[in-house]
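# Examination of the molecular architecture
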Amino acid sequence: MQNSDDLLGAALAAPARSPAHATRLGGRELGGRIQSWKVERAYSTDLPEALRAFSGSASAQLELLLGGSGAPAPRLYSAWAGRGTGDVVRPGQSVVHRAGANGRTVPAFRGTVRSRTAASGSDTVTVQALDGAERLRGPAQLPRPYHGLRWGRPVATATWCVDELLRQGGIHSCPPPRAPAVADDPAKPFTVLYASLHGGFNASYGQPETLPDPSSYSWIRDGAPFETALMPKAAGLAVSWMPRSRFVVAGKVFQAELHVNTALAVGSELELKLVLDRSAGAFGNYALNVSFATGVLKLTSGTVGGSGTAVSWTIPRLASLKGVWHLGFTVDTRAGAVGGASTPATVYPRLTAPDGAYVPAAPFTFTQAVAFQPPSELSQIDLKTDVAVECLQVTDRSWPDGDSYTADEWEQKGRWSKGAVLDDATVPLFDLPKVAGSQWDAITEIARATLSTAEFDEQGVFRWRGPARFQSVPERPDLTVTTRRDIAALTVSEEIDACRNYCEQTYQDWTGIGHTFSDTVTDTVVREILPGASVEVSYAIAEDELDIGPPQIEDDAAPMSGHRVRFGNAATGGTSVKGGVTVGSRREGPNYIVRFTNHGTASVWTVTKDGRPSVQIVPQKRTGDPRQRTYAWFNTTSQAHYGKQVYQAPATDWVQQRQVASDLSYAMLNAGRYPVPVLGDVEVLHDPRIQLGDVVRVVDTSGAALDTLAWVVGIRTTCVSGAAPQQTLTLRGTSYNGVPSDTGLTPDPPVDPEYGTTRTYSLIEAQHATLDALTARGVTYRELLRGTGGAAA
């Protein structure tokens, strides 16, 4: 139920009411010109109607009949109308509709115009609009890393995939990537890693590198900073990612950040480390360490496994104020020359406290030689945590400098709003399935495959609910409707198709399936990269090949093979260049695109030491296909009454574990082991607060004599100007009407008991040699067939 005030509640409960609505198109109020309106919502699924509450997507549609003012409506609002009036109902224009009574309204629809139809000679233009699903018409794409197969551990969940598809459509459930677009200007900000941690380690940008054991963590929603967080089960949970861009360290400003809830902890420590690839196989790092027990924040610059310098800040609120913190640090290396022998850095801690206060901390400049970084590029991002973590990201060229960086920029104020609510992270995935069509098509496919529901509510907020949504009978209803006052018509139906007492779920068994190298692609051209310029090269990648990160940068001190590139200072090979070229990569359909950006002052070439092209791409693929297996739940009691009624869930790439198959098949059995009645065409007094998924108590004292709880699985509301709105609900009972007892009944068997018991003609002929002998007995025809002395042969 939507929230409302006491005045609206009183208006809806009053004996008499006057309908009210307000409609904005393009932000302009046109409610007074609306001749009629209709809003329709229902779950769309392939299941029988009585089961559809458990699966599918719902996209609300609004239809308006719009009249003119001072001129006929077609002249004002048709496709050929002047832009001054016509743009208010152009396709893609915003629509917000509210409905209620006695001047009080609540949201009824929020979306965009899909079509307008003007009938010449009339004063009516028909406008049709669709809710937020219209925002998800872009091509569906999901990152498909090989690391889940590499470690034999889940890399994501179905919930993570839905969240990622929403993000692609501009619908966010937590702070979005700061700079996701690949800009032509190499000086623009650029997101090199973005991991929402909304039910998966997979990253929107970048890739997971190492994955923890599933027994060492959980995905939580209660207490998450925004929506879903990674929660360790023991101190020191470790995970790492590979960036999508191995950017050079010197001469820029970059930033790393995350959100944590210190009230949800199994320890008191957190470490966020940027690992830097130096020459000769050595690594450096910039690291943030936080002790929530002591309130000490520490930043380190040095060598991995070696010496370095650390600076500490004591922030008492870190220890005393438990809750959601936004933590991170900015590194300013502009004092170092690209390709120079050593790079000093100034670091800036960044913190926002649970009360929303920006906590300033003075910057610090490393002056010790052991803290200087030699020529290097970003190689890996490591996280070690004792607390709940969400929304980790690293941004290259994040800001022109560190001193002018503002608190509003840190919090991305005014740049995003939360538009999605997710359910628990379920259905783990080792390998992300391929998706096709639009983002909404992909979300609908996931919903159907996982017995989940997807919808936009009346305020335009997307809501994803998993298979557990309808598993238990509610204790109390959101609303009660009765035939005495609210119900004008009611139809109750029960069908055998709603019975599913043998439920099978096919799943993929990934046991023993790993990853391996595919065919190596070697560049055929030595490419020159001018100073300050970028070069993009596209390489073909097969559909069955998985995503790979940017090539590693080779140097002469530690030659490498495999997925790599070497930069030389001469077209014939020269000396290898380290820490001067940023290498990034991305996948766009069948293309793997590599981008080289030269930050130095002289040209470099993609060339091996002996003068050959040095770019070598090594795709990854799985070692084989998973085995298809099936898990089934059944109910023998139901089968005794209704016979075996099978439900075989379509084979899907989204179910990749035996336990998930068990959960889904049991959920379907729980929903359909006995036919649950459907209450269709329930015409009720208009209540704009009702939403899909609400629980309604239906009391019928005049017809079916029922008093039951039911879920709302469909809503249709229509209103003509000057008349009361008409609202029709489709309801699904929350439970069945008990197990059949058939008291006093002796059901007939499915086959006529007399079949096969009558005597054959040859047997009768043998017993009565002549017709006279037969007629002399005077038996009836039935006695003749059923008499003693033998049965059918």
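Use the structure listed above.
Residues numbered from 1 in each chain as written. Predicted model: local features only at pLDDT ≥ 70, side-chain atom pairs only at ≥ 80, totals over all residues. Heavy atoms only, no water.

## Examining the packing of aromatic side chains
Definition in use: Here is the rule: rings of Phe, Tyr and Trp (six-membered ring for Trp) pair when centre to centre is within 6.5 Å. Planes less than 30 degrees apart are stacked, more than 60 are edge-to-face, and the remainder are tilted. The buried label applies to any residue whose accessible area, calculated with a 1.4 Å probe on protein chains only, is under 20% of its type's maximum; exposed applies above 50%, and partly exposed to all values in between. The criterion is that NZ of a Lys, or CZ of an Arg, lies within 6 Å of the ring centre and within 35 degrees of the ring normal, and then a charge sits over that ring.
Taken as a whole, this structure holds 16 aromatic pairs when the rule is applied. When the ring of Tyr-217 is compared with that of Trp-219, the centres are 5.4 Å apart and the planes differ by 65°; the resulting orientation is edge-to-face. Trp-219 sits in the buried class, given a relative accessible area of 19%. Seen in terms of ring centroids, Phe-364 and Phe-366 are 5.3 Å apart; in terms of plane orientation they differ by 80°. Their pairing is edge-to-face. Residue classification places Phe-366 among the buried residues on the basis of a relative accessible area of 1%. One aromatic cluster in this structure is built from Phe-201, Tyr-217 and Trp-219. In this structure, Arg-244 packs its charged tip against the face of Tyr-205, placed 4.0 Å from the ring centre.

## Focus on the pattern of salt bridges
Using the following cut-off: When a carboxyl oxygen of Asp or Glu is within 4 Å of a side-chain nitrogen of Lys or Arg, the pair counts as a salt bridge.
Applying the stated rule across the entire model yields 36 salt bridges. Between Arg-397 and Asp-396 there is a salt bridge, with its nearest N and O atoms 2.8 Å apart. Each of the two residues, Arg-397 as well as Asp-396, counts as buried. Of the charged contacts, one joins Asp-625 and Arg-622 as a salt bridge, the two residues approaching to 3.0 Å between their closest N and O atoms. On the accessibility criterion, Arg-622 (29% relative accessible area) is partly exposed. Residues participating in the shared-partner salt-bridge network are Arg-144, Asp-431, Arg-622 and Asp-625.

## Description of unusual backbone geometry
Heads up, the rule is: Helix numbering and strand numbering both begin at the N terminus, where a helix is a DSSP run of H or I of at least 4 residues and a strand a DSSP run of E of at least 2.
A positive phi angle is found at Ala-280, which is not glycine, with a value near 60°. Relative to the elements of secondary structure, Ala-280 occurs in the loop between strand 16 (253-277) and strand 17 (283-291). Relative accessible area serves as the criterion here: at 48%, Ala-280 is assigned to the partly exposed category. Despite not being glycine, Asp-681 has its phi angle at roughly 50°, a positive value. Looking at the secondary structure, you find Asp-681 in strand 45 (residues 678-685). Of the residues examined, Asp-681 reaches a relative accessible area of 47% and is grouped as partly exposed.

## Examining the sheet that holds strand 31 (residues 502-509)
Counted only if it meets this: When DSSP finds at least two bridges between two strands, those strands are taken to pair. Axis definition: a line fit to C-alpha positions, over the contact stretch in the case of helices; interaxial angles, taken between N-to-C directions, run 0 to 180 degrees.
Overall, mixed pairing links the three strands, which are arranged 43-31-44 in an open sheet. The sheet terminates laterally at strand 43 (627-634) and strand 44 (646-648), the two strands that pair on one side only. If you compare each strand with its neighbour and ignore which way they point, the axes differ by 25° on average. Sheet topology places strand 31 next to strand 43; eight bridges connect them, and they run antiparallel. Looking across to strand 43, one finds that Tyr-507 is bridged to Arg-629.

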